[in-house]
Each structure stands twice: as C-alpha cells, then as structure tokens.
Amino acid sequence: MIKINRRQSAPLIGIYTAPLDQNGHPTPTMAMSERNDAIIFFTDPNNFSNNKKLTKSPFQFTIYQDKELATELEKIFGKKCAYCESDFAAVTSAEIEHFRPKNQISTQDKKTLRPGYYWLAGDWLNLLVACPHCNRKVKHQVPGQPDKISLGKGTQFPLADETKRLRLHTCSEMQFKSEEDHRLLINPCIENPELYFTYDDDGLIHPKNSRNKKAVYSIHVYALQRKHLVEARKKKLVDLEEKLMNVEDPI
C-alpha cells in the first residue's frame, strides 16, 4: 500500500456536472439526484428501523458504476488495487470500492448496522479502486496459520469508539472529523501507509508499531497477509536483489 495523491474536487464528468435548465439555471447533478433519492429511501421508517431492513425492495445505486468515473479512478490508482497495489487490470475488471460502505456496516464486534453510509455512495472522495481479494470477504490461506481465515473488507468499517459512528446524512463537519479521528482503517488517499508498515525478507507485512490499531486492523481487513500476496512481495524482493547484485558485479 502506498500514498495516493488525488484531488479533493470531483472531476468534470457527466455525473458530477450540473446541466442547465431552459432558463440557464443549473439543475442537480446526477450524483446529487441519486443522493437525494437515497436519503428519502434510507430514512423512511417503513424501510429501515433499529438497524433492520424492513423492505424487500433494494435501492439501485448507479452513480458509482459510471464508466467515466471508473476511468478517472483507474487513472488515479494506476489500474492497481488501492490497498494491496496488485496490478489486476490484465486479469479482471476494476471494482469500485466504497471506503465507507453504502448499504450496511460490519463493526469490529461483529454487529451489522443498517443502513450504511447511503449518502456517500456516489461521493468522489469515498470511492477507490480495489481488487476482489481486498474488496470481498472470503477465506484466504495465511502463512503460519493451519486453516484458511476469512479476510477482505466487505462491509467492514471499524471504529475505535462506536459512539462516534455517523448514521445520518445530516452529520456536521465536526461530527465527521470526530469519526475520522476514531477510524481504524488506513485510507491511502489520506495517510501515508509507509509510516505504518514494514516488510520482512519473506514478504510478510508488519505494523511498525504493534500497538498501532490502525495498522493492525488494516492488515487484517484488507487481507494484506494472504499467502499469494506475501509470495508476490517476496518474489519482488528477490528480483530486486538479483538486479542489485548484477549492478555491483556485472558479468
């Protein structure tokens, strides 16, 4: 995982651009229209109440699936996973990842909260590109573990203090900052991951500070210790060492 520099403002593409009405006045963007519809749907007590979904009808989020948006995100992340840096474009299509989950949230104490961060489903700063292994919760082999372990982000978004969890679109900037201060997952567009992690000669990733919960949780949630990823890191290291040896002692 490396630091990603991305602009704070949304790109000037269709979903984020406000068309003009017949009088020349701007109308809501497609992203804003979906956000307004989502607010109506997810705040309806007939649809959700006490962390339970009461309706059988799903809300159709479409903004994050926009092709222009996917192209812009792939440019920023270099067609690599935002979490593990795997270059997966040659073998699978990009998955647009919601850093804060849109439909429901899995907490660190294994509770499920519904709805999720519905108002951020199309928000430019909440969208990243991830590979299926980091983005989906599946079982992986981990070096040193006899059995496969369920890893991958899925709908996880752990906080150090659940009382700071945002549940409504009406949250203030101060409340958002408070939740950010208790976030337990590294956002590569905000933090510099190099300050949190170190790697050994076997390709294993470790927290630089074992007491840093953000580093510990990120390794687990993003499945950064999965066997094939560890092996890929070790191969990169071996290849680099061979190149350095050739430079020092050319044939």
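Residues numbered from 1 in each chain as written. Predicted model: local features only at pLDDT ≥ 70, side-chain atom pairs only at ≥ 80, totals over all residues. Heavy atoms only, no water.

(A) Structural detail: the overall build of the protein chain. Within the protein chain one finds six helices and ten strands. Here the C-alpha coordinates of the protein chain stretch approximately 75 × 45 × 35 Å along the principal axes. Contacts in the protein chain between residues far apart in sequence, at least 24 positions, make up 62% of those at least 6 positions apart. Counting every atom, the protein chain has about 14,700 Å² of accessible surface; 52% of that belongs to carbon and sulfur. The centroid of the 37 positive side-chain charges in the protein chain is displaced by 6 Å from the centroid of its 32 negative side-chain charges. (Helix = DSSP H or I, 4+ residues; strand = E, 2+ residues; numbered from the N terminus. Contact = heavy atoms within 4.5 Å. Areas by Shrake-Rupley, 256 points an atom, 1.4 Å probe, with all protein chains shown as cover. Lys, Arg positive; Asp, Glu negative; His and termini not counted. Charge placed at Lys NZ, Arg CZ, Asp CG, Glu CD.)

(B) Here's a closer look at the packing of aromatic side chains. Counted under the stated rule, the structure contains 14 aromatic pairs. Considering the side-chain rings of F41 and F48, the 6.1 Å spacing of their centres and the 75° angle between planes classify their relative orientation as edge-to-face. Since its relative accessible area comes to 9%, F48 is described here as buried. For the ring pair F99 and F157, a centre distance of 5.3 Å and an interplane angle of 85° mean the geometry is edge-to-face. (Phe/Tyr/Trp six-rings, centres within 6.5 Å; stacked < 30°, edge-to-face > 60°. Buried < 20%, exposed > 50% of the residue type's maximum accessible area, 1.4 Å probe, protein only.)

(C) Representation of the side chain of E97 in the model. Structurally, the position occupied by E97 is in strand β3 (residues 95–98). A distance of 2.9 Å separates polar atoms of two side chains, one belonging to E97 and the other to K153. Setting aside residues no more than four positions away along its own chain, E97 makes contact with Y83, N126, L127, L128, A130, N135 and K153. (Polar contact = N/O pair within 3.5 Å; in protein donor to acceptor, adjacent residues only side chain to side chain.)

(D) Broad picture of the pattern of salt bridges. Under the criterion given, the structure shown has 13 salt bridges. In this structure, the salt-bridge partner of E179 is R100, at a minimum N-O distance of 2.7 Å. Here E179 is found in helix α4 (residues 173–181), whereas its partner R100 is found in the loop between β3 and β4 (105–106), with 79 residues between them in sequence. This pair shows no difference in class: E179 is buried, exactly as R100 is. Two residues, K227 and E231, come together in a salt bridge whose shortest N-O distance is 2.6 Å. With a gap of four residues between them, K227 and E231 both fall in helix α6 (residues 227–248), about one helical turn apart. On the accessibility criterion, K227 (33% relative accessible area) is partly exposed. Here the salt bridges share partners, and the residues they tie into one network are R100, E179, E180, R183, E191 and K214. (Salt bridge = Lys/Arg side-chain N within 4 Å of Asp/Glu carboxyl O.)

(E) The nonpolar core, seen in detail. With 55 residues, the main nonpolar core has Y83, F197 and L224 as its most contacted residues. Mapped by element, the contributors of at least two residues to this core are α1 (30–42), α2 (67–77), β6 (127–130) and α5 (213–221). When residues in this core are grouped by element, the largest group, five residues, is from α1. When sequence neighbours within four positions are dropped, the list of residues in contact with F197 reads M1, I186, I205, H206, K208, A215, S218, I219 and L224. (Core = buried A, V, L, I, M, F, W, Y, C linked by side-chain atoms within 4.5 Å.)

(F) The arrangement of the state of the cysteines in detail. In this structure the tally under the stated criterion is zero disulfides. Not engaged in a disulfide, the cysteine C84 finds its nearest cysteine sulfur in C134; these two sulfurs lie 3.7 Å apart. For C84, a relative accessible area of 10% gives the class buried. Its sulfur unpaired, C171 is 19 Å from the next cysteine sulfur, which belongs to C189. Classification of C171 by relative accessible area gives partly exposed; the value is 22%. (Disulfide = S-S within 2.5 Å.)

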